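The residues making up each chain are set out below.
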Amino acid sequence: MRSDTNPFLGHEHRRPDVDATEAARLLETAFGRSGIARELGSHQDRNFLVQGEGEGGARFVFKVARHGLSRAALEAENEAMLRVAAAGLPYEVPVPQPALDGSLVTTGTTSGGVTHDLRLVTFIEGEPLDEVGYLAPAVLRAHGALAASVARALEGFDHPALDRALQWDLRHAADVVEALATYASTPARRALLDRSMAIAGAALAPLVGDLRIAAVHQDVTEANTVARRDAAGRPMPAGLIDFGDLSRTWIAGDLAVVIAADVIHDVARPLQVARAVTLGYVGELPLTAAEIAALWPLVVARAASVAISGDQQAALEPDNAYVAETRDEEWAALEAVVDVPFALAEAVLREAAGLPPADRPMVKLATSPVFDDAPEPEAIDLSTTSVALDGAAIGDAGAAGALVERVRAAGGLPVGRWGEGRLVDTVLDSMDETATVHLGIDLFATAGTAVHAPLAGRLRLRPHGVVIEGGILDLVLDGVDPSAGDRTEVAAGDVLGTVATAGPDGLPPHVHVARVAVPGLDAPRRAVPSLAAAWLELCPDPSSLLGFLPGVAAAPPEDPAALLARRDAVLATTQVHYFDAPPRIERGWRHHLVDTSGRARIDIINNVAVLGHSHPAVEAAVARQLHLLNTNSRFLYEPMVAFAEALAARFPAPLDTVFLVNTGSEANELALRLARTATGNEDVLAVRGAYHGWTVAADAITTSTLDNPRALQTRPAWVHPVEAPNTYRGPHRGPDAGTRYADDVRATLAGLAAAGRGPAAFIAEALYGNAGGVVLPDGYLREAYAAVRSAGGLAIADEVQVGYGRLGAYQWAFEQQDVVPDIVTVAKAAGNGMAVGAVITTRSIADAFGAEGSFFSSVGGSPVSCAAGLAVLETIDGEGLRENARVVGAHLRAGLEHVTADHPLVGAVHGMGLYQGVELVRDRETREPADAEALAICERLLELGVICQPTGEGNNVLKVKPPLCLTRESADIVVEALGIALRG
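In this text, all values refer to a predicted model and were calculated from it rather than measured experimentally. (Residues numbered from 1 in each chain as written. Predicted model: local features only at pLDDT ≥ 70, side-chain atom pairs only at ≥ 80, totals over all residues. Heavy atoms only, no water.)

1. A closer look at the overall build of the chain
The number of helices and strands found in the chain is 26 helices and 39 strands. Oriented by its inertia axes, the alpha-carbon framework of the chain measures out at about 100 × 90 × 45 Å. A buried classification covers 57% of the 984 residues belonging to the chain. Relative to all contacts within the chain whose residues are 6 or more apart in sequence, the contacts with residues 24 or more apart total 74%. With 79 positive and 124 negative side-chain charges, the chain shows a separation of 2 Å between the mean positions of the two kinds. (Helix = DSSP H or I, 4+ residues; strand = E, 2+ residues; numbered from the N terminus. Buried < 20%, exposed > 50% of the residue type's maximum accessible area, 1.4 Å probe, protein only. Contact = heavy atoms within 4.5 Å. Lys, Arg positive; Asp, Glu negative; His and termini not counted. Charge placed at Lys NZ, Arg CZ, Asp CG, Glu CD.)

2. Here we look at the pattern of salt bridges
Inspection of the entire model under this criterion finds 52 salt bridges. Across the pair Arg422 and Glu420 runs a salt bridge, and its minimum N-O distance is 3.1 Å. Taken as a pair, Arg422 and Glu420 share a single burial class, namely buried. A salt bridge links Arg460 to Glu469; the nearest nitrogen and oxygen atoms lie 2.7 Å apart. Overall, Arg460 belongs to the partly exposed group, its relative accessible area being 27%. Several salt bridges share partner residues, and in doing so they unite Asp381, Arg417, Glu420, Arg422 and Asp442 into one network. (Salt bridge = Lys/Arg side-chain N within 4 Å of Asp/Glu carboxyl O.)

3. Concerning the packing of aromatic side chains
As enumerated under the stated definition, the model contains nine aromatic pairs in all. Ring centres of Phe31 and Phe62 lie 6.1 Å apart, and the angle between their planes is 80°; on these two criteria the pair is classed as edge-to-face. Placement of the pair is Phe31 in helix α1 (residues 20–31) and Phe62 in strand β3 (residues 59–64), with a sequence separation of 31 residues. Phe62 carries the same exposure label as Phe31, and that label is buried. Judged by centre distance (5.4 Å) and plane angle (90°), the ring pair of Tyr804 and Trp812 falls under edge-to-face. In this structure Tyr804 comes out as buried when scored by relative accessible area, which is 1%. Residue Trp812 is classed as buried on the basis of its relative accessible area of 0%. When the ring centre of Phe856 is taken as reference, the NZ or CZ atom of Arg634 above it lies at 4.1 Å. (Phe/Tyr/Trp six-rings, centres within 6.5 Å; stacked < 30°, edge-to-face > 60°. Lys NZ or Arg CZ within 6 Å of the ring centre and 35° of its normal.)

4. Quick notes on unusual backbone geometry
Ala653 connects to Pro654 through a cis peptide bond whose omega is 5°. Here Pro654 lies in the loop between α16 (638–648) and β28 (657–661). Positive phi is not limited to glycine here, since Tyr804 has a value of about 65°. Along the chain, Tyr804 turns up in the loop between β32 (794–798) and α21 (813–816).

5. Quick word on the environment of Leu459
Checked against the element boundaries, Leu459 lands in strand β17 (residues 457–462). In the structure, Leu459 is positioned 27 residues away from Asp486 in sequence and 5.8 Å away in space, judged by C-alpha atoms. Look past the residues within four positions of Leu459 in its chain and what remains in contact with it is Val466, Val467, Ile468, Ala484, Gly485, Asp486, Arg487, Thr488, Val490 and Leu496.

6. Concerning the side chain of Gln816
Inspection of the secondary structure assignment puts Gln816 in helix α21. Within the local environment of Gln816, its side chain forms a polar contact with the side chain of Gln817, the two groups lying 3.3 Å apart. Setting aside its immediate chain neighbours within four residues, Gln816 contacts Val775, Leu776, Asp778, Tyr810 and Met912. (Polar contact = N/O pair within 3.5 Å; in protein donor to acceptor, adjacent residues only side chain to side chain.)

7. Some remarks on the sheet that holds strand β9 (residues 225–229)
Ordered in space as β7-β9-β10, the three strands form an open sheet in which the pairing is antiparallel. Of all strands in the sheet, those bounded by a partner on one side alone are β7 (127–128) and β10 (235–240). Summarising the sheet, β9 and β10 pair through five bridges and their orientation is antiparallel. Within β10, the position partnered with Ala227 by the bridge is Pro237. This element, helix α3 (residues 137–153), spans β9 and β10 of the sheet and lies at about 20° to β10. (Pairing = 2+ DSSP bridges. Axes fitted to C-alpha atoms, helices over the stretch in contact; angles between N-to-C directions.)

8. Things to note about helix α11 (residues 400–409)
Within the span of α11, buried status applies to Ala400, Gly401, Leu403, Val404 and Val407. Projected down its long axis, α11 carries its buried residues within an arc of 165°, all on one side. Residues Arg406 and Ala409 are exposed on α11 and point more than 90 degrees away from its buried face. A positive backbone phi angle near 90° is found at Gly411, which sits one or two residues after α11. (Arc of directions from axis to C-beta.)

9. Thoughts on the pairing of β17
As paired elements, β17 and strand β21 (residues 489–490) share two bridges and run antiparallel to each other. Paired with Gly457 across the strands is Val490, a residue of β21. As paired strands, β17 and strand β18 (residues 465–469) are joined by five bridges and run antiparallel to one another. Pairing of Arg462 across the sheet is with Gly465, part of β18. Between β17 and β18, which pair antiparallel in sequence order, lie two residues; one of them, His464, sits at a positive phi of approximately 75°.

10. Brief notes about the packing of helix α6 (residues 251–263) against helix α8 (residues 289–316)
Interaxial distance between α6 and α8 falls to 8 Å at its minimum, and their mutual angle equals 50°. Taken together, α6 and α8 sit at an angle that is classed as oblique. Every pair of crossing elements has a handedness; the one defined by α6 and α8 is right-handed. On α8, the residues that touch Ile251, Ala252, Gly253, Leu255, Ala256, Val257, Ile259 and Ala260 of α6 are Glu291, Leu295, Trp296, Leu298, Val299, Arg302 and Ala303. Here the residues of the contact of α6 with α8 sort into 12 nonpolar, one polar and two charged. (Parallel < 35°, antiparallel > 145°, perpendicular 65-115°, else oblique. Left-handed = near helix turned anticlockwise from the far one by under 90°. Nonpolar A, V, L, I, M, F, W, Y, C, P; charged D, E, K, R; others polar.)

This is the structure:
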């Protein structure tokens, strides 16, 4: 990387002294064009946007080259652009335009007498990738694919200018940094620069002979990438500009440039960024093992050369706004990449490139037990699926104590498993990924127990323990109070010290044993899930060094992708799942969901788990009842009566009679049968865009085109959709909106009457839940119910989503409208996830149903279902969850309104209590649904620790309907995460 004579000493480039006025004159003279719009940012040149004549006229970029850039280099750029443009790639590149003299490169002289080379190229429409903010993994993959596609299009391209000594050619990075190092703006930056180049150079030295060389763009950065939004609202790379760094150099350096640039957007997660970019690149242009090994040192070298070049340019041109805006970000990126262990980076990138793990020396080592006369090891399960831990163990390392004592009491050696994502390390209410996956094995023993060396080597003391340097590996033993001295040689079996009184990580006393395959690598005790696979490769299972049988102390692999493949192979494709790459969620606690890696996320869509996930009251009630009896509802048992009494007591007169079923679909189906039997009529009025279930009749009255795009065209003749009372999106929005929407109900009834038919029922959610929690306009249900009853029909309130105290101020949503329905349906929340549903009506309507015979549901009203249902009602009261919905719901609403107030994508915040919705629109005037943006935001929220999904006819309303135990602290995290997602 460093030459004998440094060609970059005294190397300085200043942008041409050309302003917009001067550029317009040069453009007119050389190209016969006018229309300079504005200057575009540039590091060392001058670029100007040229607006073509007329509205919508083609746009161009006028380029004024700096001194020191040869005519041959500009001609090479032009030839490369033309070659890539002709390659048929799904990306655009600038196309050079001829000057008045017919050349693609011409000259012009400024009014001050300075001559510059000039070019005009086509302008690529879109938004620069460096202005879109957050880059999703799919965008990063596409960015890598763009770079590789252009590199492939340039295969075989040759030009004499490609062999110039270019500042940005990573083969010269050491020379560039050496030449510019004196420009470092602080001593700390100079020290960082020197350290970075020293370790990068040492890592690259043995690899350079194996790195392929070709013509590459070498500047596929966000500033040079033009993006356009795809169907999911993501800014996908669509074009590439600025071929000014074109060189014949290392192919791996081309990818390193993309990674180093993209890391600037996410300095907290450099390896995750690099993995995504590399996946895209190698999908188009595979790299060799040597190139992958060199990739991270090249990333460091690129980051160093960019950072110091920025300091130099700022010193040369203090008024260069383009440089001033990026300098601090570039130094932050250098700090981020240089702190990544090169071995870890190589492991991550090998996996992304589809290469097997790097070969490690394998020698059978003589080993000895860690403890004298230790009993047989027995693994304790601290994972997220452990049935030995309840939800209260989340984040509580001390919860392992009971499991440890249980194994000891049975005469075994308690062992914590390698590769386990542990529930006791899960962190709640965090937007950041936290380290949960253990890279070693924990041997639980009494404090003061003698600890022996498992193998021979040199001892190195470290905080909380020791390291045995075994030549081809390091063996870490944490949780040891050492008695042997630092740098002493130990033999297998020698006493190292004793088990410390306080165990690392808050666990009971234990020795944490980790095998580190790369000597000298400072491995953590735990890894974040996204890097766990790489860390586990570098820290393989140490069982063999401890004399354990394979698998005894290793956790089962955590592979959501494999489980998803199994699901797709056996389930119908119409049974959809959330998210593009869903995490494997096997644990819930209160308003949190925990995946099998130990990552916790706030659940803001689960109105089913009204009390919160895994509530002890429901668990205990169900377990007790299963222990006693579970049978069908024709038997006499107390739980059915108690549940029905408690449920009926929560409704106003005359609603006093209960039917018990399993689901909301069944409840709504039964409600329709009740209405038809009681009225003798068949026709039903249903609100457009509503969802009422999937059974035949419930689906018939479901008019949501989101759930069924052909809903309005395939309804049976007895279904009559009425205007949705949506005061944000519907036609009526004023203070009389309730009456005007009710007019459509009256008009529909009049049409039925004219045809000699009467209605059986009008069914509607009492708060428009399927639209995202839209509160109905005042008076709407009062007038609609009156009209339907006058015509001989019944009023059905679907409270499946919106009832059970979710609105906070009201037990049932119909109370907000100051009405009493004839029939109410409930489910979802009724069993906190158990299959519990009910229809509540009057005695007279229920008795009329007897004309159709007896009613029976095998599981609906079973003892277990009723035990769960009763526990839910008692807990809502006992824990004050309705009041919590009111108070925390108001706090959440205020936060949502504040964070979305000035964002053009947010049209409205709907709802009340803990049933709310954030409606996203592309235009606040037209209210065009921002469906793709909503999906993209939900994917981003998943990364930020919040589970959310869209709803509404436009699939553009973010659901906010969490369990009623949501806390203010979690609500604040939701608001902050949404603000980040909206900002990009």
